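Take a look at the letters that make up each chain.
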Amino acid sequence: MKGFFLLIMFLCLGATITLSQSFTVRDMINLSAIQSGNLNNFMVKKGFSLAYRAPGNDSITSYIKKIKVIKKDTIPEETIEMYTKKNSKFIILKGLPYSQYLDSWESLKKIGFDFDTGEDISKVPSMLFLKANISIELSEEKKDTAEQYSITLKERKIPDSINYAEDLLQFDSHEFLMSYFGKKNVRNDLYYFSESDLKKCSVLFGGTDYQAVFVWGNENSFTNLSYIVISNVIPTTGNNRKGVPGANNEWKFRKGIQVGMPVTDLLTLNGQDFHIYGNKSNLSFMIKAEKAGKIDFTKTGIMFYCIYCYNNDIFDQEEVSAEQVAKQNIPLRIFDVILYP
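Here the structure is a predicted model, which is why all the values come from computation and not from measurement.

Asks: Help me understand the environment of A54 in this model?
Replies: Among the secondary structure elements, A54 is positioned in the loop between β1 (48–53) and β2 (61–65). The class for A54 is buried, based on a relative accessible area of 9%. A sequence separation of 29 residues divides A54 from Y83, and the C-alpha atoms of the two residues are 9.9 Å apart.

Asks: I'm lost on the pattern of salt bridges in this one. Help?
Replies: Side chains that differ in sign of charge can pair as their charged atoms come close. The full count for this structure, using the stated rule, is 10 salt bridges. R187 is the partner of D189 in a salt bridge, and the nearest nitrogen-oxygen pair spans 3.1 Å. Looking at D189, the relative accessible area reads 7%, which means it is buried. R187 gets classed as partly exposed once you look at its relative accessible area, which sits at 27%. When salt bridges with common partners are traced through the structure, they connect K154, R156 and D172 into a single cluster.

Asks: Would you mind going over the packing of aromatic side chains with me for this structure?
Replies: With the rule as written, the count across this model stands at 18 aromatic pairs. Each ring, one from F171 and one from F176, has its centre 4.9 Å from the other, and the planes form 55 degrees; the classification is tilted. Each member of the pair, F171 as well as F176, is classed as buried. Geometry around W105 places K109 over its ring, the cationic atom sitting 4.4 Å from the centre.

Asks: What is the right way to look at the nonpolar core in this model?
Replies: Looking at soluble globular proteins, one finds that nonpolar side chains tend to be buried together. L168, F214, L266, F274, I276, F304 and L332 are the most contacted members of the largest nonpolar core, which has 46 residues in total. If you list the elements that add at least two residues to this core, you get α5 (174–181), β10 (212–218), β11 (223–231), α6 (263–270), β15 (300–305), α7 (322–327) and β17 (333–339). It is α5 that provides the largest number of residues to this core, a total of 4 residues. For F274, the residues in contact, after removing those within four places along its chain, are V263, L266, L267, I287, E290, F297, F304, V320, S321 and A322. By size, the runner-up hydrophobic cluster in this structure holds 30 residues, among which are M82, F129, L138 and Y149.

Asks: Is there a simple way to explain the layout of surface pockets in this structure?
Replies: Space left empty within the atom packing is revealed by a probe, the size of a water molecule, rolled over the atoms. Estimates place the volume of the largest pocket at around 1000 Å³. Lining the largest pocket are 42 residues, with L128, L130, D172, T223 and N224 positioned closest to its centre. Where the lining of the largest pocket is concerned, the elements lending two or more residues are β4 (88–96), β5 (126–131), β6 (134–143), β7 (146–156), α5 and β11. Of the residues that constitute the lining of the largest pocket, the class distribution is 15 nonpolar, 15 polar and 12 charged.

Asks: For this particular structure, what's the right way to read helix α4 (residues 98–110)?
Replies: A turn of α-helix holds 3.6 residues, and therefore any two residues three or four places apart point the same way. Spanning 13 residues, α4 covers 19 Å between terminal C-alpha atoms, matching the ideal 18 Å at 1.5 Å per step. Of the positions making up α4, those classed as buried are Q100, Y101, S104, W105, S107 and L108. One face of α4 carries all of its buried residues, which in axial projection span an arc of 165 degrees. Summarising the contacts, the buried residues of α4 are in contact with α2 (25–32), β4, β5, β6 and β7. Phi for G112, located one or two positions after α4, is positive at around 85 degrees.

Rules used throughout
- Residues numbered from 1 in each chain as written.
- Predicted model: local features only at pLDDT ≥ 70, side-chain atom pairs only at ≥ 80, totals over all residues.
- Heavy atoms only, no water.
- Helix = DSSP H or I, 4+ residues; strand = E, 2+ residues; numbered from the N terminus.
- Buried < 20%, exposed > 50% of the residue type's maximum accessible area, 1.4 Å probe, protein only.
- Salt bridge = Lys/Arg side-chain N within 4 Å of Asp/Glu carboxyl O.
- Phe/Tyr/Trp six-rings, centres within 6.5 Å; stacked < 30°, edge-to-face > 60°.
- Lys NZ or Arg CZ within 6 Å of the ring centre and 35° of its normal.
- Core = buried A, V, L, I, M, F, W, Y, C linked by side-chain atoms within 4.5 Å.
- Contact = heavy atoms within 4.5 Å.
- 1 Å grid on protein atoms, 1.4 Å probe; cavity = no way out; pocket = protein on both sides within 12 Å on 5 of 7 lines; lining within 4 Å.
- Points joined across faces, edges and corners; volume = space filled by probe spheres on them.
- Nonpolar A, V, L, I, M, F, W, Y, C, P; charged D, E, K, R; others polar.
- Expected span 1.5 Å × (residues − 1).
- Arc of directions from axis to C-beta.

The following block contains the structure:
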């Protein structure tokens, strides 16, 4: 009888140990660095078994935690899903106990992840943490009146090199920019849309021939890239809305575009006519967003400047043909280039 009670105590202790061995946010960070060949061994040691792998493709894989307790329905079902998409690796851990969810917040703070210090994880549905090329989001949601907690890790591939302005589109946060180019070369700033409309941005190599402005969709975390502006003049508070004296922005573009290029040269590069908004449009002197010729103007926005053009009759309309402008030898030149993800 005594042996029987010892056996029961051992089993209960084993169940407790099983519950305490959690897959932590630190494990997720370690997992992101593990090669696919060692992945399964790592997960088995952490108490997970393979649940799904896409046939012939290791980029989509999911694991489920092994739990050996009597009341299995009272334990959240922890699952891990991994996949790659657009030069990013994703790891999603679902079904966390609330205590582990809170511990993850503390762990990320201790290992130096940047986050909104004004937020309390217990009072918001999600919180984003950033460090170099890794972003981690802690989130909760209601499902069938119950709270469910998850962690999503996104690791961006570090570029091998940056040769063209379009290569900058790989950077999806201020933190990632600083980790690659150095803190001294990246600063927070405010971008002027108008005197009353300012938006938080990041400025790369401000005041140099390689300056660029990153405008973010999420101004609190400086993430979710909206677009990049390449120009000699960057209208930000830190730059006093001035240009680089006597400079010509040196960023090269894959299609051969250059800041300061005349409209005639851009027509040659494109190999086809395109349309420019006139003075009757709110977007005057900007190329109409359309796919026309070799350049996709829906992804590459171009704004022109011309000192003596505003009173020219050819622009007294909603839009005008670039070929018409070129035939009249109007000195229209590229003012800035806007790159969209």
